[in-house]
Amino acid sequence: QVQLVESGGGLVQPGGSLRLSCAASGSIVRIYAMGWYRQAPGIQRELVAAITSGGGGSTNYADSVKGRFTISRDNAKNTVYLQMNSLKPEDTAVYYCRYWGTSDNYWGQGTQVTVSS
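The model shown is predicted, which means the values in this text are computed figures rather than measured ones. (Residues numbered from 1 in each chain as written. Predicted model: local features only at pLDDT ≥ 70, side-chain atom pairs only at ≥ 80, totals over all residues. Heavy atoms only, no water.)

Summed over all chains, the structure comprises one disulfide. Across the disulfide from Cys22 sits Cys97; the S-S distance is 2.1 Å. Every disulfide takes its handedness from the sign of the S-S torsion; for Cys22 and Cys97 that torsion is -85°, giving left-handed. Here Cys97 lies in strand E9 (residues 93-101) and Cys22 lies in strand E3 (residues 18-26), a separation of 75 residues in the sequence. Using a relative accessible area of 0% as the deciding quantity, one classes Cys22 as buried. The exposure class of Cys97 is buried, given its relative accessible area of 0%. (Disulfide = S-S within 2.5 Å. Helix = DSSP H or I, 4+ residues; strand = E, 2+ residues; numbered from the N terminus. Buried < 20%, exposed > 50% of the residue type's maximum accessible area, 1.4 Å probe, protein only.)

Okay, here's the thing in structure tokens:
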């Protein structure tokens, strides 16, 4: 069994920055990939960014965050990060960490990000 603990959310003004982290613990044998989704009220949950744990770490980003967000990982700590720069009000959402394993997938508890002017 795997547990995901998220941190780093909060309040920020437009143009500001936040860094989210997600640490996996428990019975971890092999991680295929980790990433971030977000959910805003009345809007479908969407994939924000993902990174593979093997090789050099291939990344994918939603078009809306390219050039502003950067996903990274620390395999030794089983942790994934999301550096968010130049934040906009439309980035406001609950951000959920996602873990893809060999045969099981998990969600983090979610962390609130609010970008307000």
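What follows is about the nonpolar core. By size, the foremost hydrophobic cluster in this structure holds 29 residues, and its most contacted members are Leu4, Met34, Trp36, Leu82, Met84 and Tyr95. Mapped onto this core, the elements with two or more residues apiece are strand E1 (2-7), E3, strand E4 (31-39), strand E5 (46-52), strand E7 (69-74), strand E8 (79-84), E9 and strand E11 (111-115). Setting aside anything within four residues of it in sequence, one finds Leu4 in contact with Cys22, Ala23, Ala24, Met34, Cys97, Arg98, Tyr99, Tyr106, Trp107, Gly108 and Gln109. (Core = buried A, V, L, I, M, F, W, Y, C linked by side-chain atoms within 4.5 Å. Contact = heavy atoms within 4.5 Å.)

The phi torsion at Asn78 lies on the positive side, around 50°, for a residue other than glycine. Given the relative accessible area of 25%, Asn78 is considered partly exposed.

What follows deals with the sheet that holds E3. Ordered in space as E1-E3-E8-E7, the four strands form an open sheet in which the pairing is antiparallel. The strands lining the two open edges of the sheet, one partner per strand, are E1 and E7. Pairs of neighbouring strands in the sheet enclose a mean axial angle of 15°, with direction left out of account. For E3 and E8, the ladder comprises six bridges, and the chain directions are antiparallel. Across the sheet, residue Ala23 finds its bridge partner in E8, namely Thr79. (Pairing = 2+ DSSP bridges. Axes fitted to C-alpha atoms, helices over the stretch in contact; angles between N-to-C directions.)

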